[in-house]
Amino acid sequence: MTLTLALAGCAAGGTSGTEGTRQGTPAPSPTAAPETAPAPPSPDPSPTPEALPGPVQPAGTPRDIATGLEAPWSIARLASGSTLISERDSARIRELTPDGALRDVGVVEGVMPRGEGGLLGLAAPPGAAAGTVAGEDEDPADAGWLYVYFTAETDNRIVRVRLEGSPGSYSLGAREEVLSQIPKAGNHNGGRIAFGPDGKLYATAGDAARGGNAQDGASLGGKILRLEPDGSVPADNPTPGSPVYSLGHRNPQGIAWDETGRMWAAEFGQNTWDELNLIQPGGNYGWPEVEGTGGGAGFVDPVMQWATRDASPSGLAVVRGTLFLAGLGGERLWVIQPTAEGGAGDVVEYFRDEYGRIRDVTAGPDGSLWMITNNTDGRGSPRDGDDRLIQVDLVPLAGG
């Protein structure tokens, strides 16, 4: 079953997806911040299709995997072969079944869509996510949960919901609150959640259009948060008893880890610079005191920055050592080859103006990349079939 709804933007023509265009402004090497907590351990080294040697780049013609999505926001691939997709405004979770059908799993109760808020991030625990290996200490019971970030009546919150049934017939069961009281607004809600290689749950929280939240240690706004799967605070967080992992963020919407265990985050700027940051435990990334590089002592500079018209970054993924960043306002995919020293390396844009707004990216099957468009949310010009889930084939980078 497919559904279509007209609400936000894409354009035709533009840069060839197989060639790419080098742009963007490399930032100076990130300013070191004292590490008050140990960095997450490296992922399990067992080879999987998503973790084969890189670097890689897009090749060939992308193809639609699913169409007729309504303002999709997040992709969660499951080890069962199904893929779950959140729809921001309808509050529905959709299932792309192993045989390619698209169906409704259910509506998340309590979601209050408004502006940029609504049903946002999805995350499956390590034992349930595709391409991951459960940790030795993981409770098998945790694998049955689906984690959901959404905007409620008074706040943004994270819950976990029992995913019942089997591929092709999943439904939503009982749920538990993981974290509440994350500031909400019509914009800057953050909303990305993901499990790190250490088995902890990470969440991006926007400043809720109040810049002061980002530097306020008592506020969850303008932060990257780190939690145990049940919502408790890990004992080794930078500040004892606090879920805050890093601060000074405006509206981060992308997080991902490379094969060495380094954590990367993508962040919307205000009027000047969007950012790609290398996250350090306890690091202060400057907002609202600084946007982009040049923060000075006490702040961590971004690894890469773009003019806001070129990026408006949302989802972020690592596939075979290469970073892929979804551009909303920039209407393109940024492909970044990080260096061993933590720099941006080679940065190339693909698919400029070809698919419109790109909201999320994730590792696809057989070493490919999956991305979803976001052209039906009121901010663009949807075309027939929008919004869509697209597969991009990847090949080794020439000379890599």
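Residues numbered from 1 in each chain as written. Predicted model: local features only at pLDDT ≥ 70, side-chain atom pairs only at ≥ 80, totals over all residues. Heavy atoms only, no water.

### Thoughts on the pairing of strand E11 (residues 171–182)
Two faces make up the sheet, and in a regular strand the side chains alternate between them. To keep things clear, this is the line we draw: Here, a strand pair is defined by DSSP locating no fewer than two bridges between the strands. In this text, helices come from DSSP runs of H or I with a minimum length of four residues, and strands from runs of E with a minimum of two, each type numbered from the N-terminal end.
The pairing of strand E10 (residues 156–164) with E11 spans seven bridges and is classified as antiparallel. What sits directly across from Glu164, in E11, is Ser171. Hairpin geometry of E10 and E11 is characterised by an intervening segment of six residues between the two adjacent antiparallel strands and by a positive phi of about 95° at Gly165.

### Some remarks on the sheet that holds strand E5 (residues 83–87)
Hydrogen bonds along the backbone pair up the strands of a sheet, which may run parallel or antiparallel. Applied cut-off: The axes used here are C-alpha line fits, helices contributing only the stretch in contact, and every angle between their N-to-C directions lies in the interval 0 to 180 degrees.
An order of E4-E5-E6-E7 is seen for the four strands of this open sheet, with the pairing classed as antiparallel. The open sheet terminates on both sides in strands that have one partner only, identified here as strand E4 (72–77) and strand E7 (102–107). Averaged over all neighbouring strand pairs, the angle between strand axes comes to 25°, with direction disregarded. Where strand E6 (residues 92–96) and E7 come together, five bridges link them in antiparallel fashion. When the sheet's bridge partners are listed, Leu96 is paired in E7 with Leu102.

### Details of the environment of Arg160
Going by this rule: Burial status follows relative accessibility: with a 1.4 Å probe on protein chains alone, a residue under 20% of its type maximum counts as buried, one over 50% as exposed, and anything between as partly exposed. What qualifies as a polar contact is a pair of N or O atoms within 3.5 Å, subject to a donor-acceptor requirement within protein and to the restriction that residues adjacent in sequence count only when both atoms come from side chains.
Relative to the elements of secondary structure, Arg160 occurs in strand E10. We classify Arg160 as buried; its relative accessible area is 8%. A polar contact is formed between the side chain of Arg160 and the side chain of Tyr147, at a distance of 2.9 Å.

### A closer look at unusual backbone geometry
Backbone torsion omega between Trp287 and Pro288 reads 0°, so that peptide bond is classified as cis. Inspection of the secondary structure assignment puts Pro288 in the loop between strand E18 (273–279) and strand E19 (304–307). With an omega of -5°, the peptide bond running from Asp386 to Asp387 counts as cis. Tracing the sequence through the fold places Asp387 in the loop between strand E25 (369–373) and strand E26 (389–396). The phi dihedral of Ala91 is positive, around 65°, even though this residue is not glycine. When you line up the elements, Ala91 lands in the loop between E5 and E6.

### Here's the deal with the nonpolar core
To be explicit about the condition: Throughout this description, the term nonpolar core refers to a set of buried Ala, Val, Leu, Ile, Met, Phe, Trp, Tyr and Cys residues connected via side-chain atoms within 4.5 Å. Residue contacts are defined here by distance: any two heavy atoms, one from each residue, within 4.5 Å place the two residues in contact.
In this structure, Leu84, Ile93, Val108, Leu119, Leu122, Val148 and Phe150 are the most contacted members of the largest nonpolar core, which totals 21 residues. Those elements giving two or more residues to this core turn out to be strand E8 (119–123), strand E9 (145–151) and E10. When near neighbours in sequence (up to four residues on either side) are disregarded, Val148 contacts Ile93, Val108, Leu119, Gly121, Leu122, Arg157, Ile158, Val159, Val161 and Ile193.

### Observations regarding the packing of aromatic side chains
Note the following rule: Aromatic contacts are taken between Phe, Tyr and Trp rings whose centres are within 6.5 Å, Trp giving its six-membered ring; a plane angle under 30 degrees counts as stacked, one over 60 as edge-to-face, and the others as tilted. Remark: a charge is flagged as sitting over a ring if the NZ atom of Lys or the CZ atom of Arg is within 6 Å of the ring centre and within 35 degrees of the ring normal.
Scanning all chains against the criterion turns up six aromatic pairs. Their ring planes at 75° and their centres at 5.7 Å tell us that Phe351 and Tyr355 sit as a pair that is edge-to-face. Taking relative accessible area as the criterion, Tyr355 reaches 15% and is therefore assigned buried. Through a chain of ring-to-ring contacts, three or more aromatic side chains come together here, namely Tyr202, Tyr245 and Trp257. A cation over a ring is seen here: Arg77 above Trp370, with NZ or CZ 5.5 Å from the ring centre. For Arg162, the ring lying beneath its charged end belongs to Trp145, and the centroid distance is 3.9 Å.

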